[in-house]
Amino acid sequence: MSLTAGIVGLPNVGKSTLFNAITKKNILAANYPFATIDPNVGVVTVPDKRLEFLQNLYVPDSLVPTAFEFTDIAGLVKGASNGEGLGNKFLSHIREVDAIVEVVRCFSDSNIIHVENSVDPIRDIEIINVELLLADLEVIDNRIGRIGKKAGMSKDKETIAEYSLLNRIREQLEKNEPVRKMELTEEENKILRPFNLLTGKPIIYMANISENDLAAEDNEYVKQVREYAKKEGSEVITVSAKVESELSELEEEEKKEFLKELGIEESGLDQLIKATYSLLGLATYFTAGSDECRAWTFKRGMKAPECAGIIHSDFERGFIRAEIMSYDDLKECGSEKAVREAGKMRLEGKKYIMQDGDICHFRFNV
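In what follows, the accompanying structure is described. Just so we're clear, the structure is a prediction, and the values are computed from it rather than from any experiment. For every chain, the first residue of the written sequence is number 1, and numbering continues from 1 along that sequence. Per-residue local features are limited, in this predicted model, to residues with pLDDT of at least 70; the limit for side-chain atom pairs, both in listing and counting, is 80 or more; totals at the level of whole chains, interfaces and linings are taken over all residues. The basis for every side-chain value is the complete set of heavy atoms in the structure, and neither hydrogens nor water enter the calculation.

Another point: the overall build of the protein chain. Segments assigned H or I by DSSP are reported as helices when at least four residues long, segments assigned E as strands when at least two residues long, and all are numbered from the N terminus. On a plain count of helices and strands, the protein chain comes out with 14 helices and 12 strands. Taking all 366 residues of the protein chain together, the buried fraction comes to 48%. Residues count as neighbours in contact if any of their non-hydrogen atoms are within 4.5 Å of one another. For the protein chain, the proportion of contacts with a sequence separation of at least 24, taken over those separated by at least 6, is 69%. Here the term buried applies to any residue with accessible area under 20% of the maximum for its type, exposed to any over 50%, and partly exposed to those in between, with areas from a 1.4 Å probe on protein chains only.

Counting residues in hydrophobic clusters, the biggest one holds 56 residues, and the most contacted among them are F68, F70, I94, Y205 and M206. Beyond its immediate chain neighbours, meaning those up to four positions away, F70 contacts A5, I7, F19, I22, N40, V41, G42, V44, L269 and L272. Within the second largest apolar cluster, 17 residues are counted, among which are F298, A304, I324 and C360. We call a set of buried Ala, Val, Leu, Ile, Met, Phe, Trp, Tyr and Cys residues a nonpolar core when their side-chain atoms join them within 4.5 Å.

The element strand β4 (residues 67–72) is extensively covered by neighbouring structure, given that 6 of its 6 residues are classed as buried. Two strands are said to pair when DSSP picks up at least two bridges between them. Here strand β1 (residues 3–8) pairs with β4 via 5 bridges, running parallel. Each bridged residue has a counterpart across the sheet, and for G6 the counterpart in β4 is T71.

Another point: the layout of surface pockets. Only protein atoms enter the calculation, which uses a 1 Å grid: trapped sets of points that fit a 1.4 Å probe without letting it out are cavities, open sets showing protein on both sides within 12 Å along at least five of seven lines are pockets, and any residue with an atom within 4 Å of a point is a lining residue. Grid points are joined across faces, edges and corners, and a volume is the space filled by probe spheres set on the points. When its volume is computed, the second largest pocket comes out at roughly 750 Å³. If you list the elements that add at least two residues to the lining of the second largest pocket, you get α6 (186–192) and β9 (292–299). When its residues are assigned to classes, the lining of the second largest pocket shows 12 nonpolar, 5 polar and 5 charged. As a working rule, the residues Ala, Val, Leu, Ile, Met, Phe, Trp, Tyr, Cys and Pro are called nonpolar, Asp, Glu, Lys and Arg charged, and the rest polar, with Gly in that last group.

This part takes up the packing of helix α4 (residues 121–153) against helix α5 (residues 157–174). Viewed as axis vectors pointing N to C, α4 and α5 meet at an angle of 150°, and their least axial separation amounts to 9 Å. When the axes of α4 and α5 are compared, the pair comes out roughly antiparallel. Seen along the crossing, α4 lies across α5 with a hand that is left-handed. Contact with α4, carried on its side by L133, D136, L137, I140, D141, R143, I144, I147, G148, K150 and A151, involves T159, I160, E162, Y163, L166, N167, I169, R170, L173 and E174 of α5 and no other residues of that element. Across the contact of α4 with α5, the residue classes tally to 11 nonpolar, 3 polar and 7 charged. Between the N-to-C directions of two axes lies an angle of 0 to 180 degrees, each axis being a line fitted to C-alpha atoms and, for a helix, fitted only over the stretch in contact. Here is the rule for angles: anything less than 35 degrees is roughly parallel, anything more than 145 is roughly antiparallel, 65 through 115 is roughly perpendicular, and the remaining ranges are oblique. With the far helix as reference, a near helix turned anticlockwise by less than a right angle produces a left-handed crossing, and one turned clockwise produces a right-handed crossing.

On to the pattern of salt bridges, then. Definition used for salt bridges: Asp or Glu carboxyl oxygen within 4 Å of a side-chain nitrogen of Lys or Arg. For the structure shown, the criterion picks out 25 salt bridges. With a closest N to O distance of 3.0 Å, K242 and E246 form a salt bridge. Here K242 pairs with E246, and both are found in helix α8 (residues 241–247), just 4 residues apart, close to one helical turn. Taking the shortest distance from any N to any O, the salt bridge between K255 and D270 comes out at 3.6 Å. Of this pair, K255 sits in helix α9 (residues 252–262) while D270 is found in helix α10 (residues 268–279), placing the two residues 15 residues apart along the sequence. When its relative accessible area of 10% is taken as the criterion, K255 is described as buried.

A few words on empty space enclosed by the protein. For the coordinates displayed, the defined rule picks out 1 cavity of 30 Å³ or more. Size it by volume and the largest cavity reaches roughly 40 Å³. Around the largest cavity, the lining residues are G9, L10, V13, E102, V103, V104, R105, D124, I125 and I128. Among the elements of the structure, β5 (99–105) and α4 are those that each provide at least two residues to the lining of the largest cavity. The element best represented in the lining of the largest cavity is β5, accounting for 4 residues. A per-class count over the lining of the largest cavity returns 6 nonpolar, 1 polar and 3 charged.

Once that is clear, we can look at the packing of aromatic side chains. Pairing of aromatic side chains requires ring centres within 6.5 Å, counting the rings of Phe and Tyr and the six-membered ring of Trp. Pairs whose planes differ by under 30 degrees are stacked, by over 60 edge-to-face, and all others tilted. All chains considered together, the criterion is met by 8 aromatic pairs. For the pair F68 and F70, a centre-to-centre distance of 4.3 Å together with 25° between the ring planes defines the contact as stacked. Overall, the relative accessible area of 0% leaves F70 in the buried class. Through a chain of ring-to-ring contacts, three or more aromatic side chains come together here, namely Y285, W296, F298, F319 and F362. Sitting over the ring of F107, R105 keeps its end group 4.5 Å from the ring centre. Whether a charge lies above a ring is judged from NZ of Lys or CZ of Arg, which has to be within 6 Å of the ring centre and within 35 degrees of the ring normal.

Quick look at helix α7 (residues 220–231) now. In a regular helix each residue adds 1.5 Å, so 12 residues correspond to 16 Å; α7 covers 17 Å between its end C-alpha atoms and thus fits that length. The complete set of buried residues in α7 reads V222, V225 and A229. Seen from one end, α7 has its buried residues packed into an arc of 60°, which puts them on one side. Within α7, the exposed residues directed more than 90 degrees away from the buried face are E220, K230 and K231. In this structure, the buried side of α7 is in contact with β5, α4, β6 (203–208) and β7 (235–239). Identification of polar contacts relies on pairs of N or O atoms within 3.5 Å, with a donor-acceptor requirement for protein atoms, meaning one able to donate a hydrogen and the other able to accept it, and with residues adjacent in sequence counted only if both atoms are side-chain atoms. At the N-terminal end of α7, a side-chain oxygen is found 3.0 Å from the backbone nitrogen of Y221, two or three residues along, and the residue is N219. Where α7 terminates, the next one or two residues include G233, which has phi positive at roughly 70°. To estimate the expected span of a helix, count its residues, drop one, and scale the result by 1.5 Å. Regarding the arc, it is the one traced by the directions from the helix axis to the C-beta atoms.

These figures capture arrangement, not role.
Written out as structure tokens, the structure is:
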């Protein structure tokens, strides 16, 4: 399973520069398992030093990191939910994403015109968020209009439950509050899933700052964004789209040297990937051998057969057991043989809950 994030923002906030940096890194995703990628989708590999260790240990014919997709949405403007700037078309593109990355301009530059004629990150955030909210409200109103009469006359519990929930959602949206702030049951989330509500998706604010501010404390604009995000329990990542663009042109060693010169440990893009993984409750397990070392993304809480099914549905259907060692044990022992001799290789059954860093060999029969 790959992770998909939709990048939104006003025009001229650095969104396109950031996305172009992402697409330049596509070369790193040469083993991405899909033949065609839409022009507005960029794919990068997820940075993971554990995979580098496995590569050095097994020297495989193939190395396949897990992938991260970014869907670029053309700059939204005020009125996008009503079709301004082709807004409806582009809003529809992010209904399928796992998370939303909202790029916010947090730098001053008289050479770059702001669509609202001034730099005000909170105003910009609220313009975007209101458009997402209005788009959701239209979806909910349309559905309520379709099932309202039936819910009033029917004794069907499912229809009544959906109608009641949709009215609660509408009340939330009319208060200018996103759906993600609501406490919903598992059953309610199941009802809402087909609607792919934009304000129900987790959001990360990406504060685009100048290169000079990268190693410094937060500037005033970033502080405002952090305060806003804190109120809704969202995270903020600072990034310089200009620097990300420059980093995308460099080889790995040059990139490390450049980051060191800037006084930062990792790129904004790498920080974003890690933050989104955490936000969505994702983790990584590995398969390793001389033919291939590969990273696989799974949701925390998934059991071994479900994780096997990520590789192939036959693996889940015919699951027998999984032979598992942890990455930490392998690194400490130095080899698979040493892990076995130390008694740290485990056989796990269908009820085993997979852990981040598990290295697995699945046994199945179909």
